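# Structure assessment
As a plain string of letters, each chain reads:
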Amino acid sequence: MNESKILQNEFFLILKNAGVSEELIRKSWEEIHIRYSESHRKYHTLTHLYYFLNRLKEFQNRISDWDIVLLALFYHDLIYDVKEKDNEEQSADISQTRLELFGYSKDRINLCKNLIIATKTHESTQDETADIFTDCDLSILGAELKYYQEYSEQIREEYNIYPDELYKPGRKKVLEHFLSMDFIFKTKEYREKKEKQARENLSWELGTL
């Protein structure tokens, strides 16, 4: 089964269990599929969602509202335009509109929005669910160097509208932001398994700019 089908099945299962109509689920999935398949995306794609999903599953027993966390996953990069500064806010707003249609409570909708907004800075929120969510979103930073190199190339492709003289200073700022953090990862597991590798990867990329 391919990544898209696995993601679709997860999405359908959550919303069927919530009593959402099949037609609305199908339309909502089509929107997600179309958005994450946009031609300008090279990293923020369905493959990223699939990888993110598998990392979240490693923490599933510590997540109290699994369905909402998964919906936050599906909507967190729904809007992705490298020319804009408010992609996360736009994605969060759309998630609110969709979850209202699905019939979720205000509290659960706010949880979904807060998780999406947390991916803007990836700073610690002192909330375990948000920390797990942002760690899983960033898990590629702590992958083996060859996978990190693929990721950095894909990010460059997503920003290909910008020449090096504009891209490199901006990217450098992002890398330095992560390296300046006391810890990139918030969970004990990721600090032990991925922190050292992430810092090596980020330093490697910084050296290429």
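All values reported here derive from a predicted model rather than from experimental measurement.

## Focus on the packing of aromatic side chains
Scanning the entire structure with this criterion turns up eleven aromatic pairs. Seen in terms of ring centroids, Phe 11 and Trp 29 are 5.8 Å apart; in terms of plane orientation they differ by 45 degrees. Their pairing is tilted. Within this pair, whereas Phe 11 is found in helix H1 (residues 3-17), its partner Trp 29 is found in helix H2 (residues 22-36), the two being separated by 18 residues in sequence. Like Trp 29, Phe 11 is buried. Between Tyr 43 and Tyr 151, the aromatic rings sit 4.9 Å apart at their centres with planes inclined by 75 degrees, giving edge-to-face as the arrangement. One end of the pair, Tyr 43, is in the loop between H2 and helix H3 (46-57); the other, Tyr 151, is in helix H8 (residues 145-158), and 108 residues separate them in sequence. Look at Tyr 43 and you get buried, because its relative accessible area is 10%. Overall, the relative accessible area of 10% leaves Tyr 151 in the buried class. Aromatic ring contacts, followed pair by pair, group Tyr 43, Tyr 148, Tyr 151 and Trp 204 into a single cluster. Taking the ring centre of Tyr 51 as reference, the NZ or CZ of Arg 55 above it sits at 4.7 Å.

## Structural notes on the nonpolar core
Judged by nonpolar contacts, the single largest core of 58 residues is most densely connected at Phe 11, Leu 56, Tyr 75 and Leu 141. In terms of residue count, helix H4 (residues 66-75) provides more of this core than any other element does, nine residues in total. Formed jointly, this core draws a minimum of three residues from each of two domains, domain 1 (3-123) and domain 2 (141-208). In this view, Phe 11 contacts Ile 25, Ser 28, Trp 29, Ile 32, Leu 71, Phe 74, Tyr 75 and Phe 102; residues no more than four positions away in its chain are not counted.

## Details of helix H5 (residues 87-102)
An ideal rise of 1.5 Å per residue puts 22 Å on 16 residues; H5 measures up with 22 Å between its terminal C-alpha atoms. Among the residues of H5, those classed as buried are Asn 87, Glu 88, Ser 91, Ala 92, Ile 94, Ser 95, Arg 98, Leu 99 and Phe 102. Along the axis of H5, the buried positions cluster into a sector of 165 degrees, meaning they face one direction only. In this fold, the buried residues of H5 make contact with H1, H2, H4 and helix H6 (106-118).

## Details of the packing of H1 against H3
The interhelical angle for the contact between H1 and H3, taken along N-to-C directions, is 55 degrees, at an axis separation of 9 Å. Relative to H3, the element H1 is oriented oblique. Between H1 and H3 lies a crossing whose hand is left-handed. Mapping the contact onto sequence places Glu 3, Ser 4, Ile 6, Leu 7 and Glu 10 in H1 and Leu 46, Thr 47, Leu 49, Tyr 50, Leu 53 and Lys 57 in H3. Residues that form the contact of H1 with H3 fall into these classes: six nonpolar, two polar and three charged.

So, how was this worked out
Each residue is numbered by its place in its chain's sequence as written, counting from 1. Restriction of local features to residues with pLDDT of at least 70 applies here, the model being predicted, together with a cutoff of 80 or more for giving and counting side-chain atom pairs; totals for whole chains, interfaces and linings are based on all residues. In computing side-chain values, all of the structure's heavy atoms are included and hydrogens and water are not. Centre distance within 6.5 Å is the pairing criterion for rings of Phe, Tyr and Trp, where only the six-membered ring of Trp is used; planes under 30 degrees apart are then read as stacked, over 60 as edge-to-face, and the remainder as tilted. Starting at the N terminus, helices and strands are each numbered in turn, a helix being any DSSP run of H or I of at least four residues and a strand any DSSP run of E of at least two. Each residue is placed in one exposure class: buried if its accessible area under a 1.4 Å probe, protein chains only, is under 20% of its type's maximum, exposed if it is over 50%, and partly exposed if it falls in between. The criterion for a charge sitting over a ring is simple: Lys NZ or Arg CZ within 6 Å of the ring centre, and within 35 degrees of the ring normal. By convention a nonpolar core is built from buried Ala, Val, Leu, Ile, Met, Phe, Trp, Tyr and Cys residues, the set being connected through side-chain atoms within 4.5 Å. Segment limits for the domains were obtained from an automatic or database-derived domain assignment. Here a residue-residue contact requires only that any non-hydrogen atoms of the pair lie within 4.5 Å. Expected helix span is computed as 1.5 Å times (number of residues minus one). By construction, the arc corresponds to the directions joining the helix axis to the C-beta atoms. Axes here mean lines fitted to C-alpha atoms, for a helix over just the part in contact, with angles spanning 0 to 180 degrees between N-to-C directions. When describing relative orientation, an angle under 35 degrees is termed roughly parallel and one over 145 degrees roughly antiparallel, while 65 to 115 degrees is termed roughly perpendicular and anything else oblique. Each crossing is labelled by how the near helix is turned from the far one, with a counterclockwise turn of less than a right angle marking it left-handed and a clockwise turn marking it right-handed. Any residue that is not Ala, Val, Leu, Ile, Met, Phe, Trp, Tyr, Cys, Pro, Asp, Glu, Lys or Arg is counted as polar, Gly included; the first ten are nonpolar and the last four charged.

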